[in-house]
Amino acid sequence: MSKVRSAPDFMIIFATLFLLGIGIVMVYSASAIVATRAPFNDPYFFAKRQLIFALLGITSMYLMMNIDYWVWKQWAKLGFMISIGLLIVVLIIGIEVNGSKSWLGLGAFGIQPGEFAKLGVVAFLARWLADNQKQIVLFRTGLAPALAIPVVCFGLIMLQPDLGTGTVLMGTAVMMIFAAGARISHFVGLGLIGVAGFVGLVLSAPYRIKRITSFLDPWQDPLGTGYQIIQSLYAIGPGGLFGLGLGQSRQKHFYLPEPYNDFIFSVIAEELGFIGGTLVLLVFLLLLWRGMRTAITAPDLFGSLLALGIIGMIAIQVVINVGVVTGMFPVTGITLPFLSYGGSSLTLMLTGVGVLLNISRFSR
């Protein structure tokens, strides 16, 4: 393996910082009205916190960019065990938010162990697959152990419960396992079992059933389960081609719940229009293209799978989040990477990009 460093992929840096800058501006625009009221009493409350998280994340990204990525192969198992430990701790002493016990409070801030678990699973699974690639075509000694790695964390996340984070984690893991050479025939059988399990998870919680039915026809319950999707569509529609103008959103005036978080893309489409929303998606595509290029040209299998896991995790979140706000998917509570408000998600995403950038420095 070549250990000659080159410059990191500039396009990945550009796309990440561009999205981050848009995110800080839009978090302020979407949250200022809410933040002026008690208990915040400061229109810049969310924007200032997002800026702090962004600076922490950029610092972490810079550090990761300059730490050779194969170092993480040695620490991947420990990181995975810490992730499991945090997921267990949050079930015991975690803070319940919106019906999900997924937060650990640290003073005025909080961390979401599920976000750490996604990166922990990606690193450890990349190591396991790289060390056992010849076994992956076998079910008992290859595919089954590989799937057990994310399933452990998925089970703990579902005890919170947090279906959105669990879906991203499992989707990323399946993508990595498939890329490592697992047989399609094995996936077909497991896919049927997975669909049955997913249906079981939905049926086990009445609120999930309501989310599914509201997705199919949100106007059946416009003031209840369909409210978020309807308000999101009311935001996107009037945006038109050029938008209402930065800061001019109507739906952020206490119509759209938490417009600075999961539904921030609705506000972007309303204020910046089709052109602004499309520009954001094109920059995401640029990031995903360069990330996939880094994965393909990585000097070893561990680096390739690690890069794929990081960029796959980002891609899955973008697809699901944009799908939700446009009414294509049921509401899942998944943030839009780099744009939505949230410390754990933002800092961990930027940390992952830092690792991706380091891999790009050794790409062929």
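The structure under discussion appears in the preceding block.
Given the structure is predicted, the values throughout are model-derived calculations rather than measurements.

Caption draft 1: Region of the structure containing the overall build of the protein. Across its full length, the protein holds 12 helices and three strands. Taken over the C-alpha trace, the protein has a radius of gyration of 20 Å; the compact-globule value for 364 residues is 21 Å, and the two agree within 12%. Referenced to the eigenvectors of the C-alpha coordinate spread, the extents of the protein come out at roughly 55 × 45 × 40 Å. Per-residue burial for the protein yields a buried fraction of 50% across its 364 residues.

Caption draft 2: View of the nonpolar core. Ranked by internal contacts, the top residues of the largest apolar core, which has 98 residues, are Leu 129, Ile 177, Leu 306, Ile 314, Phe 338 and Leu 339. The contacts of Ile 314, once residues within four sequence positions are left out, are Leu 287, Leu 288, Pro 337, Phe 338, Met 349 and Val 353.

Caption draft 3: How the structure looks around the packing of aromatic side chains. What the rule picks out here adds up to 14 aromatic pairs. Residues Tyr 69 and Phe 362 carry aromatic rings whose centres are separated by 6.1 Å and whose planes lie at 65° to one another, so their mutual orientation is edge-to-face. Remark: Phe 362 occurs in the segment after helix H12 (343–360) and Tyr 69 occurs in the loop between helix H2 (45–65) and helix H3 (71–93); sequence separation between them is 293 residues. The class of Tyr 69 is buried, set by a relative accessible area of 0%. Under the relative-accessibility criterion, Phe 362 is labelled buried at 4%. The ring of Phe 254 carries the charged tip of Arg 37 above its face, separated from the ring centre by 4.4 Å.

Caption draft 4: The pattern of salt bridges, seen in detail. Here the structure, examined in full by the defined rule, presents five salt bridges. Note that Asp 9 is salt-bridged to Arg 290, the shortest N-O span being 2.9 Å. Of the two residues, Asp 9 sits in the segment before helix H1 (10–35) while Arg 290 sits in helix H10 (residues 264–297), which places them 281 residues apart along the sequence. Judged by its relative accessible area of 8%, Asp 9 is buried. On the basis of relative accessible area, Arg 290 is assigned to the buried category, the value being 13%. Of the charged contacts, one joins Glu 271 and Lys 252 as a salt bridge, the two residues approaching to 3.2 Å between their closest N and O atoms.

Caption draft 5: Highlighting helix H4 (residues 113–131). Compared with an ideal rise of 1.5 Å per residue, which puts 19 residues at 27 Å, H4 spans 27 Å between its outermost C-alpha atoms and is within 8% of the ideal. Counting buried positions along H4 yields 15 of 19 residues, so the element is predominantly enclosed.

Caption draft 6: Molecular detail of the packing of H1 against H2. Contact geometry for H1 and H2: axes closest at 8 Å, N-to-C directions at 160°. Between H1 and H2, the crossing angle belongs to the class labelled roughly antiparallel. Like other packed secondary-structure pairs, H1 and H2 cross with a definite hand, here right-handed. Here H1 contributes Ile 13, Thr 16, Leu 17, Leu 20, Ile 24, Val 27, Tyr 28, Ser 31 and Ala 35 to the contact with H2, which in turn contributes Phe 45, Phe 46, Ala 47, Gln 50, Leu 51, Ala 54, Ile 58, Met 61 and Met 65. The class makeup of the residues in the contact of H1 with H2 is 15 nonpolar, three polar and no charged.

The rules behind the values
Numbers given to residues run from 1 along each chain, matching the order in which its sequence is written. Confidence filtering applies because this is a predicted model: local features only for residues at pLDDT of at least 70, side-chain atom pairs given and counted only at 80 or more, and all residues used for totals across whole chains, interfaces and linings. To get the side-chain values, all heavy atoms of the structure are used, and hydrogens and water are removed first. Helix numbering and strand numbering both begin at the N terminus, where a helix is a DSSP run of H or I of at least 4 residues and a strand a DSSP run of E of at least 2. Radius of gyration: over C-alpha atoms. The globule rule applied is 2.2 Å multiplied by the number of residues raised to the 0.38 power. Burial here depends on accessible area, computed with a 1.4 Å probe over protein chains only, as a share of the maximum for the residue type. Under 20% is buried, over 50% is exposed, and the range in between is partly exposed. The definition of a nonpolar core used throughout is a set of buried Ala, Val, Leu, Ile, Met, Phe, Trp, Tyr and Cys residues joined through side-chain atoms within 4.5 Å. For this analysis, residues touch if any pair of their heavy atoms sits within 4.5 Å. Only Phe, Tyr and Trp rings are paired, with Trp represented by its six-membered ring, and only when their centres lie within 6.5 Å; those with planes under 30 degrees apart are stacked, over 60 edge-to-face, the remainder tilted. Definition used: whenever NZ (Lys) or CZ (Arg) falls within 6 Å of the ring centre and also within 35 degrees of the ring normal, the charge is taken to sit over that ring. Each salt bridge in this description consists of a side-chain nitrogen of Lys or Arg and a carboxyl oxygen of Asp or Glu lying within 4 Å of one another. Here the expected span of a helix is defined as 1.5 Å times the quantity of residues minus one. All axes here are fitted lines through C-alpha atoms, helices being fitted over the stretch that makes contact, and every angle between N-to-C directions spans 0 to 180 degrees. Should an angle fall under 35 degrees it is called roughly parallel, over 145 degrees roughly antiparallel, and 65 to 115 degrees roughly perpendicular, with every other angle called oblique. Two helices cross in a left-handed way if the nearer one is turned anticlockwise from the farther one by less than a right angle. They cross in a right-handed way if the turn is clockwise. The classification used treats Ala, Val, Leu, Ile, Met, Phe, Trp, Tyr, Cys and Pro as nonpolar, Asp, Glu, Lys and Arg as charged, and all other residues, Gly among them, as polar.

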